[in-house]
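Summary of structural features
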Amino acid sequence: RISKMVKICCLGAGYVGGPTMAVIALKCPEIEVAVVDISVARINAWNSDALPIYEPGLDEVVKQCRGKNLFFSTDVEKHVAEADIVFVSVNTPTKTQGLGAGKAADLTYWESAARMIADVAKSSKIVVEKSTVPVKTAEAIEKILTHNSKGIDFQILSNPEFLAEGTAIQDLFNPDRVLIGGRETPEGQKAIKVLRDVYAHWVPVDRIICTNLWSAELSKLAANAFLAQRISSVNAMSELCEATGADVSQVSHAIGKDTRIGPKFLNASVGFGGSCFQKDILNLVYICECNGLPEVANYWKQVVKVNDYQKTRFVNRIVSSMFNTVSGKKIAILGFAFKKDTGDTRETPAIDVCKGLLGDKASLSIYDPQVNEEQIQRDLSMKKFDWDHPVELQPMSPISIKQVSVVCDAYAATKDAHGVCILTEWDEFKTLDYQRIYDNMQKPAYVFDGRNIVDVAKLRKIGFVVYSIGKPL
Ligand code: NAD
Ligand code: UGA
């Protein structure tokens, strides 16, 4: 346990910073936690009843601690100056310009955070990399912090986050592991111990893994690459299933029973999305290339290529099924978020599928229980990689696309539609009244299930033409 009162400050009140710090505050009542951000709108939302992100269980945790030992503020410098431990959980987007464009991580926000910490610090601090960063970032951060350091001691730790959206609170309460990397010096080991003591409030110590800095940084990229690779593997299999009459759900079930393979992350889909998988793999690819390892780079690049292919294949299937044109046809899009139980749309496969259909002149009627019209219009108008910046720095939403309408339930979306695409596995889509939907659609009525959640036999019996990923046609 900690001997003296510890103050924590976290830079970046996003999907990671917000929930992670709220859970630390809940589990460590004697620690004061301040979450700060340059985005005024985000901080205001964290201090209101409508939190800026939707995450099951988050509201309760925040309500229990906010104003007691959990604070959200835009007074970045004050809280950093007072803190013993500074977590940095800012955006680390893919670079869009210059060296490494389209692959390398853009560390602009990270670097400006580090410079600010160096400027305002008056006492020793542990600086924790919470953002996902390229391996060796700690070395660069150390240089920035210690240059001009006025004799202040900074210890850098890498403590990557493994939570998944939609289950963030559960994942934080009961993590498979917590990873802490630090310098192998006595000071580095002491810093590791301070952070380990924070997590030890609720995480069994045998689940807290301590390594050197580079192992911790690389393990994060490796974990995401392995997870995404499983999805691309099963998605590649899904096309072979369609060609041969095998059923991908049955294949996944059968191979997942092998304890060496395991059952998780074997759901075939329209493709993986989310803010991190693609970004982190591209980042890994870039690091391999920079280290002169083209074969390793190409191996991982293939995971992203298969994912892009899966999305394109889905769009092509829709268009070819509907007599090779969707021009002027109404297509209902059920689900826009990148997975269920989140309102997050970053890199959602829905963006690529919708853009593909719009490219073929379809008119889209979109419904997602957690995503509003403004967000959808913004996503469909934005350029690749432009989303991952603090809200205030994102490009303004251009005029809205008129072939896109956003409606407030699945029945409105599907009324008079020629086809229905299910792009997010929201539970409510499993229990829709498909007979009612069928009765109100144009015929032949198509369902393209990008998440394998509908009962294919039942829908076919109603009269739908059904395409499900990796299932016999
Ligand atoms: P986010 O965009 O939700 O949050 C980042 C926040 O940082 C924004 O609110 C932004 O305004 C703020 N910010 C940027 N520069 C700042 C500065 N200099 N000072 C203070 N605040 C600043 O992003 P996120 O999803 O929370 O991801 C953050 C990092 O965590 C990324 O590196 C990501 O790869 C990693 N990560 C994300 C997840 C996830 O599920 N989203 C999981 C694990 C790791
Ligand atoms: C993922 C990892 O699971 C986290 O461990 C990690 O911390 C996080 O990335 C990160 O670094 O940001 P997340 O992206 O929130 O978490 O959600 P996942 O559950 O991993 O889903 C990612 C995408 O893969 C979603 O689009 C999901 O629908 C898709 N997916 C997932 C499949 O298509 N099939 C599956 O079997 C599993």
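Numbering of residues starts from 1 in every chain and runs along the sequence as written. Naming scheme: in the order in which they are written, chains are lettered from A and ligands are numbered from 1. Thresholds applied to this predicted model are a pLDDT of at least 70 for local features of residues and 80 or more for the giving and counting of side-chain atom pairs; totals over whole chains, interfaces and linings are not thresholded and use all residues.

The protein chain is annotated in an unreviewed UniProt entry as UDP-glucose 6-dehydrogenase from Durio zibethinus. UniProt positions are given in the numbering used here, feature names are shortened, and annotations may be inferred rather than shown by experiment. The UniProt entry for the protein chain carries the following text under Catalytic activity (unreviewed entry): "UDP-alpha-D-glucose + 2 NAD(+) + H2O = UDP-alpha-D-glucuronate + 2 NADH + 3 H(+)".

Quick notes on the overall build of the protein chain
Each helix corresponds to a stretch of at least 4 residues labelled H or I by DSSP, and each strand to a stretch of at least 2 residues labelled E; elements are numbered beginning at the N terminus. Regarding its fold elements, the protein chain presents 17 helices and 14 strands. In terms of overall dimensions, the protein chain has a C-alpha envelope of 75 × 45 × 45 Å along the principal axes. Counting other C-beta atoms within 10 Å of a residue's C-beta gives its exposure: the residue is buried at 20 or more, exposed at 12 or fewer, and partly exposed in between, where C-beta atoms are placed from the backbone. Looking at the protein chain as a whole, 46% of its 473 residues qualify as buried. Expressed as a percentage of contacts within the protein chain between residues at least 6 apart in sequence, the contacts between residues at least 24 apart total 75%. Residues are treated as contacting if the C-beta atoms built from their backbones sit within 7 Å of each other.

Some words on the site of ligand 2
By convention here, the C-beta atom is placed from the backbone, and a residue is near a molecule or strand when that atom is within 6 Å of it. The environment of ligand 2 is made up of 21 residues, and the closest members are Asn 267, Ser 269, Phe 272, Gly 274 and Cys 276. Ranked by residues supplied to the shell around ligand 2, first place goes to helix H9 (residues 213-244) with three residues. Polarity classes work like this: nonpolar for Ala, Val, Leu, Ile, Met, Phe, Trp, Tyr, Cys and Pro, charged for Asp, Glu, Lys and Arg, and polar for all others, with Gly in that last group. Residue composition of the shell around ligand 2, by class: 11 nonpolar, seven polar and three charged. Here the shell around ligand 2 gathers at least three residues from each of two domains, domain 1 (7-203) and domain 2 (223-468). Domain extents, as shown, originate in an automatic or database domain assignment.

Examining the sheet that holds strand E14 (residues 465-468)
The strand order across the open sheet built from six strands is E11-E10-E9-E12-E13-E14, with neighbouring strands paired in parallel fashion. The two strands at the open ends of the sheet, each matched to only one other strand, are strand E11 (404-406) and E14. Going across the sheet, the axis of each strand differs from the next one's by a mean of 20 degrees, ignoring polarity. Pairing of strand E9 (residues 330-334) with strand E10 (residues 363-367), which is carried by five bridges, proceeds in the parallel orientation. Bridging across to E10, Lys 330 finds its partner in Ser 363. Any two strands with at least two DSSP-identified bridges between them are counted as paired. The convention used is that axes are lines fitted to C-alpha atoms, helices contributing only their stretch in contact, and that angles between N-to-C directions extend from 0 to 180 degrees.

Focus: the domain arrangement of the protein chain
By the assigned domains, the protein chain splits into domain 1 (7-203) and domain 2 (223-468). Relative placement of domain 1 and domain 2: their C-alpha centres are 31 Å apart. Contacts between domain 1 and domain 2 engage 22 residues on the former and 23 residues on the latter.

Topic: the site of ligand 1
Gly 12, Gly 14, Tyr 15, Ser 131 and Pro 390 are the nearest of the 28 residues found near ligand 1. Here the shell around ligand 1 takes three residues from helix H5 (residues 108-120), the largest share from any one element. Of the residues contributing to the shell around ligand 1, the split by class is 13 nonpolar, 11 polar and four charged. Taken domain by domain, the makeup of the shell around ligand 1 includes at least three residues from each of domain 1 (7-203) and domain 2 (223-468).

What about the nonpolar core?
In a soluble, globular protein the nonpolar side chains are often hidden away together inside. A set of buried residues qualifies as a nonpolar core if it consists of Ala, Val, Leu, Ile, Met, Phe, Trp, Tyr and Cys joined through C-beta atoms within 7 Å. Judged by nonpolar contacts, the single largest core of 69 residues is most densely connected at Ile 333, Leu 334 and Cys 421. Not counting chain neighbours up to four residues away, the residues in contact with Leu 334 comprise Tyr 367, Ala 410, Ala 413, Val 420, Cys 421, Ile 422, Leu 423 and Phe 429. With 63 residues, the next largest nonpolar core counts Ala 34, Phe 87, Trp 110 and Val 133 among its residues.

A few points about the environment of Lys 402
Within the secondary structure layout, Lys 402 lies in the loop between helix H14 (373-381) and E11. C-beta crowding within 10 Å serves as the criterion here: with 7 such atoms nearby, Lys 402 is assigned to the exposed category. Through-space distance from the C-alpha of Lys 402 to that of Ile 8 is 47 Å; in sequence the pair is 394 residues apart.

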